Each structure stands twice: as C-alpha cells, then as structure tokens.
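Structural overview
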Amino acid sequence: MAEVEVTVALILAAGAVALYLAWNIGANDVANAMGTSVASGALTLRNAVIVAAVLNFLGAVFVGSKVSNAHRVDIIHPDTFQSDPYLLVLGMFAALISAAIFITIATWFGMPISTTHAIVGAIAGFGIAAFGTSAVNTAGLTKIMASWAISPIAGAAIAFIVFWMIKKYIFDTKDPVKSTLIFAPPMMGFVFFVMTLSMIYKGLKNLHLDLPVFMALAMGAVVGTIAGFISYFLIKRYMERSSDIADPHRRVEKVFLIAQVVSAMFVAFAHGANDVGNAIGPMATILNVAETGTVETDMTIPLWLLILGGIGIMIGTATWGVKVMETIGKKITEITATRGFAAEFGAALTVLFCSKLGLPISTTHVLVGSVIGVGLAGGLQGVDVRVIGKIFASWIITLPLAAGLCAVLFWLFVAIF
C-alpha cells in the first residue's frame, strides 16, 4: 500500500512540474508564432493569444509524441541507469525544474531563448553528474546540435525565397492586385496541405490517424485544394471591397494580413508539435519508471500526457506570453504582412519537417532565422544586427547554464532522497 502511495505521489509531483515547464514554454515561445503577426497588425494581441493557445494545443496532441521520445534516448543512454532506475527519476525531476527556472528568468527579461536548449542541456547535465560523459549519447546529441545549426538556416532560406517570390511575382508586376489573386490562393492551399499531412501521416496513432503515405497525400491535397479555392473567393471579395485604396501595394499588404493569420496558425501548430516534448519527454520517463520499476528503451507516450503538455502551453501563452513577443515582432527587422507571412511560412515548414524526423529543434532559432532571411531579402540594412547578437548570445549560454543548474539540483536531490 505504501508503495502505491509513493508511486501516485511521484506521478502527481512530476505532472505538476511538467505542467509548470509547459507553462513556461508557452510563455516564452508564444512570440515564435505570434510576434510577427501582432507587429504587422494581422492580429490583435488578444486574438493572437487565443489563436496561439488553441493551435499549440492541437499540434502538441496530434504530432508531439515522436519528439517527446527523442528527449530520452537521443541525449543520454537510459541503460546506464538500469541498476538504479530511481536515479534516472531524480535526474528527470532536476531537469524539469532547472529548465523551468531558467526559462522563467529569461521570460522575465523578455529574451526569446531556446526552451529546447534548456531541457537538452539540463538532461545532459544530470547524466554527466551521475555517471560522467559515458551516460551521454554522443551520437544522438551531435545529431540534435547539428539540427540546431541547420534548422535556422533552412528557415531563413525558405523565408528568403518566399519573400523574393512575393516581390518578383506580385509587387514588381504591372498589376499587383491581379497577381495576388493568382499566387496567394495556392500559397494558402499549400499551408493547409502541409498541416493536414502532418496530422494524418505518422500522426497520433492513439486516434488511428497513422494513414499510409499515398492516402495521407491524397487527403492533404483535397483539403489544400478546397482551402485554396476558398482563399481565392475571399481574396477576390476583399479586393473588390478595397477598390477605394489607390495604392495597389497597400491593397496587397491588406490581403496578406489574412494570409499571415493562416501562417501564424501554421507556426503555432508546428511549435506545439515540437516543443511539447521539452515538458513531457522527461515526465514520460518518470511515469514509465514509476509504473514498471525499470528503465525501458522503448515506450509509448500516453495521450493524456500529450494533453497535459498542450494545456500547460495554452495556459502559459494566455497568461505571460506578451513580453517576448515584442523582441521577435518589432526589434529584429521591420515587419509587414508579406514579410511576416514569408517568415512564418519558412519557420513552420522547417519545424514540422523536423518534428516528423523526431528532432527536438529550437522553434525560436528557426523563427528568428526566418525573420533574418526576410530582412536579408530586403537588404542587409533591414536587419538590426545588435538585437540578433544579443539573441545569439542568450542561445549560447543557455546550454551550459541549464546543464550546470540541473547538475547541482540532481546532487541535492540525491543527497536528500
């Protein structure tokens, strides 16, 4: 009976800490999805928070399980703790708490740090503190760190290309309004195609959404086509109503305010899919050890745990997500609706692709990289290098500081328990 009580208490305590970390992730990372949308005027602050909260939750529940598993096996070797499974539990507790504290401090100062860096550094920190460098999965950690370098470059490249295409095929044409009717609807359709595909191909197996690739592609294509047609008629109707605006470029920017809302939803969904693992990955390990008394190398992430992480991100987004929004949305480069759409499109596509590969990348990295890509498309003078330097510095120090804090907490827990 006492054993059961201890197990229940352990699970409840871990759930509370994981919820606190998810709250911190929502608070710091809401800017990834919504900073550019608020800056360009596509969404009011209130609506941005609502949209971000709902789409983050859906992304976490539908696509978050694969990345959550990566936090266990790609950073440390779980087998190292086989002789003492509860040592792994103490380490994961320390990782959750140290990452949450670090993110809370960063959010207080309005810095868009990488929440992924914080939790990865924390897990590596307690692994080294427990068994030295032999506990660290060097190959897995190298893969994760390589993705951190590649993903912002990929986001910047996609955003650069998208904004360059908007300039060339819409703004620089003789009739920008007519060109918008031709090119904007397919862009909207592609966004919905990718979102649909991400949910139904290798999505949430608990709801039997893991469809074969050809069927998933077909369903995504149908949804994308319908969305494209609806977008065409909505854009056409708006263009007719805005005929009193003499400047065609202003009319195009107004249309892309609608497009940017869609791309912001895309980013929020992708963020929930990738970053929920930062909170529930360690929690899943604690739950597994509490239930089985052993360290298993393969386990299924339960649906209720994905929902818990999604709820935590929603609450963080709604309660404290405003401070970081200003840094990404206003201080890196000037954000218009077309620029914001290009940045969000590049970021979301990169993050969802990495989520499908099970890579816990930094959505903050990717979004900032995408914003920089858009700024470079308008010339280097469009980017505030000083702000970028400060953001990069915060990323660099996150990993060692989170690792050090977690190691100290781990030793403290071992001494107490």
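See the structure above.
These notes cover the structure that comes with them. Only a predicted model underlies this, so the values are computations on that prediction, with no experimental measurement involved.

1. Quick look at the overall build of the protein chain
- Helix and strand counts for the protein chain come out as 14 helices and zero strands.
- Counting helices and strands in the order they occur from the N terminus, the protein chain gives α-α-α-α-α-α-α-α-α-α-α-α-α-α.
- A total of 417 residues make up the protein chain; the buried ones form 58% of that total.
- Long-range pairs, those at least 24 residues apart, make up 85% of the contacts in the protein chain between residues at least 6 apart in sequence.
- Within the structure as shown, the protein chain displays about 16,900 Å² of accessible surface, and the carbon and sulfur contribution to it stands at 71%.

2. Overview of the nonpolar core
- Formed by 118 residues in total, the largest nonpolar core has its most connected members in Leu21, Phe126, Phe256 and Phe341.
- At 22 residues, the largest contribution of residues to this core is made by helix H9 (residues 248–292).
- Filtering out sequence-adjacent residues up to four positions away, Phe126 remains in contact with Ile76, Phe81, Leu88, Gly91, Met92, Ala95, Cys406 and Phe410.

3. Side note on helix H10 (residues 303–320)
- A rise of 1.5 Å per residue sets the reference length of H10, with its 18 residues, at 26 Å; its end C-alpha atoms lie 26 Å apart and thus fit the reference within 8%.
- Among the residues of H10, those classed as buried are Leu305, Leu306, Leu308, Gly309, Gly310, Gly312, Ile313, Gly316 and Thr317.

4. Details of the packing of helix H12 (residues 337–356) against helix H13 (residues 363–377)
- Between H12 and H13, the least distance of the axes is 8 Å, while the angle of their chain directions is 140°. In this view, H12 runs oblique relative to H13, as classed from their interaxial angle. Taken as a pair, H12 and H13 cross one another with a handedness that is right-handed. Together, Arg339, Ala342, Ala343, Glu344, Gly346, Ala347, Thr350 and Val351 of H12 and Thr363, Val366, Leu367, Ser370, Val371, Val374 and Gly375 of H13 make up the contact between the two elements.
- Here the contact of H12 with H13 is composed, by residue class, of eight nonpolar, five polar and two charged.

5. Some details on the packing of aromatic side chains
- Tallying each qualifying case throughout the model produces 12 aromatic pairs.
- Taken together, a centroid distance of 6.1 Å and an interplanar angle of 15° make the contact between Tyr20 and Trp23 stacked. Of this pair, Tyr20 and Trp23 both sit in helix H1 (residues 2–40), three residues apart, which is roughly one turn of the helix.
- We classify Trp23 as partly exposed; its relative accessible area is 23%.
- Taken together, a centroid distance of 5.5 Å and an interplanar angle of 35° make the contact between Tyr169 and Phe183 tilted.

6. Quick notes on the side chain of Asn24
- Counting through the fold element by element, Asn24 comes out in helix H1.
- Reaching out from Asn24, the side chain makes a polar contact with the side chain of Thr104 at a distance of 2.4 Å.
- In contact with Asn24, not counting residues within four places along its chain, are Ala100, Ile103 and Thr104.

7. Some words on a nonpolar patch on the surface
- On the surface, Phe160, Ile161, Trp164, Met165, Tyr169, Ile182, Phe183 and Leu376 cluster together into a nonpolar patch covering about 710 Å² of accessible area.
- At the level of secondary structure, the elements contributing two or more residues to the nonpolar patch comprise helix H6 (138–171) and helix H7 (176–200).
- For the nonpolar patch, the element with the most residues is H6, which contributes five residues.

8. Notes on the side chain of Thr196
- Of note, Thr196 is situated in helix H7.
- Looking at Thr196, its side chain comes within polar contact range of the main-chain oxygen of Phe192, at 2.7 Å.
- If we ignore the near neighbours within four places in the chain, the residues touching Thr196 are Met219, Gly220 and Val223.

9. Considerations on the environment of Gly59
- Checked against the element boundaries, Gly59 lands in helix H2 (residues 45–63).
- Since its relative accessible area comes to 0%, Gly59 is described here as buried.
- Spatially, the C-alpha atom of Gly59 lies 8.6 Å from that of Val276, the residues being 217 residues apart in sequence.
- For Gly59, the residues in contact, after removing those within four places along its chain, are Gly64, Phe269, Gly272 and Ala273.

10. Section: the environment of Asn24
- On the basis of relative accessible area, Asn24 is assigned to the buried category, the value being 0%.
- Once the C-alpha coordinates of Asn24 and Thr317 are considered, the two residues, 293 residues apart in sequence, prove to be 8.5 Å apart.

11. Brief notes about the environment of Ile372
- Within the secondary structure, Ile372 is located in helix H13.
- You can call Ile372 buried: its relative accessible area is 14%.
- When the C-alpha positions of Ile372 and Ala157 are compared, they lie 9.5 Å apart, and in sequence the two are 215 residues distant.

12. With respect to H7
- Between its terminal C-alpha atoms H7 stretches 36 Å, which fits the 36 Å expected from 25 residues at 1.5 Å a residue.
- Along its length, H7 shows its largest kink, about 30°, at Ile182, and proline Pro185 lies within four residues downstream of that point.
- For H7, the tally of buried residues reaches 18 of 25 residues, placing the bulk of the element in the interior.

13. Some details on the packing of H2 against H10
- Across the interface, H2 lies against H10 with an axial gap of 8 Å and an inter-helix angle of 165°. The angle between H2 and H10 places the two elements in the roughly antiparallel class. Crossing of H2 against H10: the hand is right-handed. Taking contact as the criterion, the partners of Val49, Ala52, Ala53, Asn56, Phe57, Ala60 and Val61 in H2 are, on H10, Leu303, Leu306, Ile307, Gly310, Ile311, Ile313, Met314, Thr317 and Ala318.
- For the contact of H2 with H10, the residue count by class is 13 nonpolar, three polar and no charged.

Procedures and definitions
Residues numbered from 1 in each chain as written. Predicted model: local features only at pLDDT ≥ 70, side-chain atom pairs only at ≥ 80, totals over all residues. Heavy atoms only, no water. Helix = DSSP H or I, 4+ residues; strand = E, 2+ residues; numbered from the N terminus. Buried < 20%, exposed > 50% of the residue type's maximum accessible area, 1.4 Å probe, protein only. Contact = heavy atoms within 4.5 Å. Areas by Shrake-Rupley, 256 points an atom, 1.4 Å probe, with all protein chains shown as cover. Core = buried A, V, L, I, M, F, W, Y, C linked by side-chain atoms within 4.5 Å. Expected span 1.5 Å × (residues − 1). Axes fitted to C-alpha atoms, helices over the stretch in contact; angles between N-to-C directions. Parallel < 35°, antiparallel > 145°, perpendicular 65-115°, else oblique. Left-handed = near helix turned anticlockwise from the far one by under 90°. Nonpolar A, V, L, I, M, F, W, Y, C, P; charged D, E, K, R; others polar. Phe/Tyr/Trp six-rings, centres within 6.5 Å; stacked < 30°, edge-to-face > 60°. Polar contact = N/O pair within 3.5 Å; in protein donor to acceptor, adjacent residues only side chain to side chain. Patch = residues over 30% accessible without salt bridge, like charges linked within 9 Å, V, L, I, M, F, W, Y side chains within 5 Å. Salt bridge = Lys/Arg side-chain N within 4 Å of Asp/Glu carboxyl O. Bend = angle between axes of the 7 residues up to and from the residue.

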